[in-house]
Amino acid sequence: MPNETDDGRRAPRTVSRRSLFKHVAGAAAAISATTPAAAEPATPAAAPTLEAPKPQATRLEALETLTAAEADTLEAIVARLIPSDANGPGAAEARAAHYIDRALTGPLRGSRGAYAAGLAAIDAYAQSTKGAAFAKLIEPDQDAVLADMEKNVATGFAPDAATFFNLVRTHTIQGTFCDPYYGGNADFVGWDLIGYPGLRLVVTADEQRMNVRAKPVRQSAYADATFSMKRGSHGHRP
């Protein structure tokens, strides 16, 4: 997470977007374990140069599992784990917190207790070390709290701070880059961020040529008749 230097400037993030994206491949396997199997996506093309992002407002969602206070804290956490920057929108715009809240009623229901305890613990730690609940802290202080969790020096967590940090980070990555059907990756901002072209049932010869950028297909796998949800359970309500 960003740190302050002696002259007040912000030092580079300990966990950068680049290093975070290296976890996306591993997160895809985790998504498969926690959500129903969808179509096997084509290998993403090389990420193109992204245009400057347009400001996007974070959507307010009806809660399914979390309390309002828990949701506020979680929204603030995911916004710092994958923040909006010059490369594009982040986890807040992708509605990663909505994905987590929704999944806690289904495939992630076994983590509900961990979230209740962990979100309460991060607020308590933020209050004791920075003087306010996590969602009310300025961004550098939020980053400092998350850095303490990642380094496992933050107190009050069970079994420990790093375990909860890694849990939320994993689910934040899932919520940012998943198929939008599951409640995250709103408006496909996650796929746009990494240059993933989307589900492709047919790849033409021209699209297989080197240095050719495939036209993005912005459609959920479940929106295609080939993967009709009528054939079985898919884990979430539409």
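As a starting point, this report considers the structure included with it. (Residues numbered from 1 in each chain as written. Predicted model: local features only at pLDDT ≥ 70, side-chain atom pairs only at ≥ 80, totals over all residues. Heavy atoms only, no water.)

### Some thoughts on the pattern of salt bridges
Oppositely charged side chains are able to pair whenever their charged atoms sit close together. Throughout the structure, instances matching the rule amount to seven salt bridges. Where Arg 102 meets Glu 64, a salt bridge forms, and the shortest distance between an N and an O atom there is 4.0 Å. Here the residue Arg 102 occupies a position in helix 4 (residues 96–103), and Glu 64 occupies one in the loop between helix 2 (24–34) and helix 3 (68–81), the gap between them amounting to 38 residues. Glu 64 gets classed as partly exposed once you look at its relative accessible area, which sits at 33%. (Salt bridge = Lys/Arg side-chain N within 4 Å of Asp/Glu carboxyl O. Helix = DSSP H or I, 4+ residues; strand = E, 2+ residues; numbered from the N terminus. Buried < 20%, exposed > 50% of the residue type's maximum accessible area, 1.4 Å probe, protein only.)

### Notes on empty space enclosed by the protein
One pass over the structure, following the stated rule, counts two cavities of 30 Å³ or more. There is about 40 Å³ of room inside the second largest cavity. Around the second largest cavity, the lining residues are Ile 77, Leu 81, Ile 122, Leu 146, Met 149, Phe 164, Phe 165, Val 168 and Arg 169. Of all the elements in the fold, those that place two or more residues in the lining of the second largest cavity are helix 3, helix 6 (139–150) and helix 7 (161–177). By residue class, the composition of the lining of the second largest cavity is eight nonpolar, no polar and one charged. (1 Å grid on protein atoms, 1.4 Å probe; cavity = no way out; pocket = protein on both sides within 12 Å on 5 of 7 lines; lining within 4 Å. Points joined across faces, edges and corners; volume = space filled by probe spheres on them. Nonpolar A, V, L, I, M, F, W, Y, C, P; charged D, E, K, R; others polar.)

### Some details on the environment of Asp 143
Looking at where Asp 143 falls in the secondary structure, it is placed in helix 6. On the basis of relative accessible area, Asp 143 is assigned to the buried category, the value being 0%. The spatial distance from the C-alpha of Asp 143 to the C-alpha of Arg 80 is 6.8 Å, given a sequence separation of 63 residues. A polar contact is formed between the side chain of Asp 143 and the side chain of Arg 80, at a distance of 2.9 Å. (Polar contact = N/O pair within 3.5 Å; in protein donor to acceptor, adjacent residues only side chain to side chain.)

### Quick look at unusual backbone geometry
A cis amide bond links Ala 158 to the next residue, Pro 159, at an omega of 0°. Mapped onto the fold, Pro 159 is located in the loop between helix 6 and helix 7. Backbone geometry at Asp 187 places phi at a positive 55°, although glycine is not the residue there. Summarising the element assignment, Asp 187 is placed in the loop between helix 7 and helix 8 (189–194). Not every positive phi belongs to a glycine, and Phe 188 is a case in point at roughly 60°. Among the secondary structure elements, Phe 188 is positioned in the loop between helix 7 and helix 8.

### Section: the nonpolar core
One finds Leu 74, Phe 134, Met 149 and Phe 157 to be the most contacted residues of the largest nonpolar core, which totals 40 residues. Looking at this core, the elements that each hand over two or more residues are helix 3, helix 4, helix 5 (112–130), helix 6 and helix 7. Once you skip the residues sitting within four places of it in the chain, Met 149 turns out to touch Ile 122, Ala 154, Phe 157, Ala 161, Ala 162, Phe 164 and Phe 165. (Core = buried A, V, L, I, M, F, W, Y, C linked by side-chain atoms within 4.5 Å. Contact = heavy atoms within 4.5 Å.)

### Describing helix 5
Taking 1.5 Å of rise per residue, the 19 residues of helix 5 would be expected to cover 27 Å, and the 26 Å separating its terminal C-alpha atoms lies within 8% of that figure. Every buried residue belonging to helix 5 is among Tyr 115, Gly 118, Leu 119, Ala 121, Ile 122, Tyr 125 and Ala 126, and all of these are buried. Mapping the buried residues of helix 5 onto a view down its axis gives an arc of 165°, with all of them on the same face. Where helix 5 is buried, its residues meet helix 3, helix 4, helix 6 and helix 7. Looking at the residues trailing helix 5, positive phi occurs at Gly 131, about 90°. (Expected span 1.5 Å × (residues − 1). Arc of directions from axis to C-beta.)

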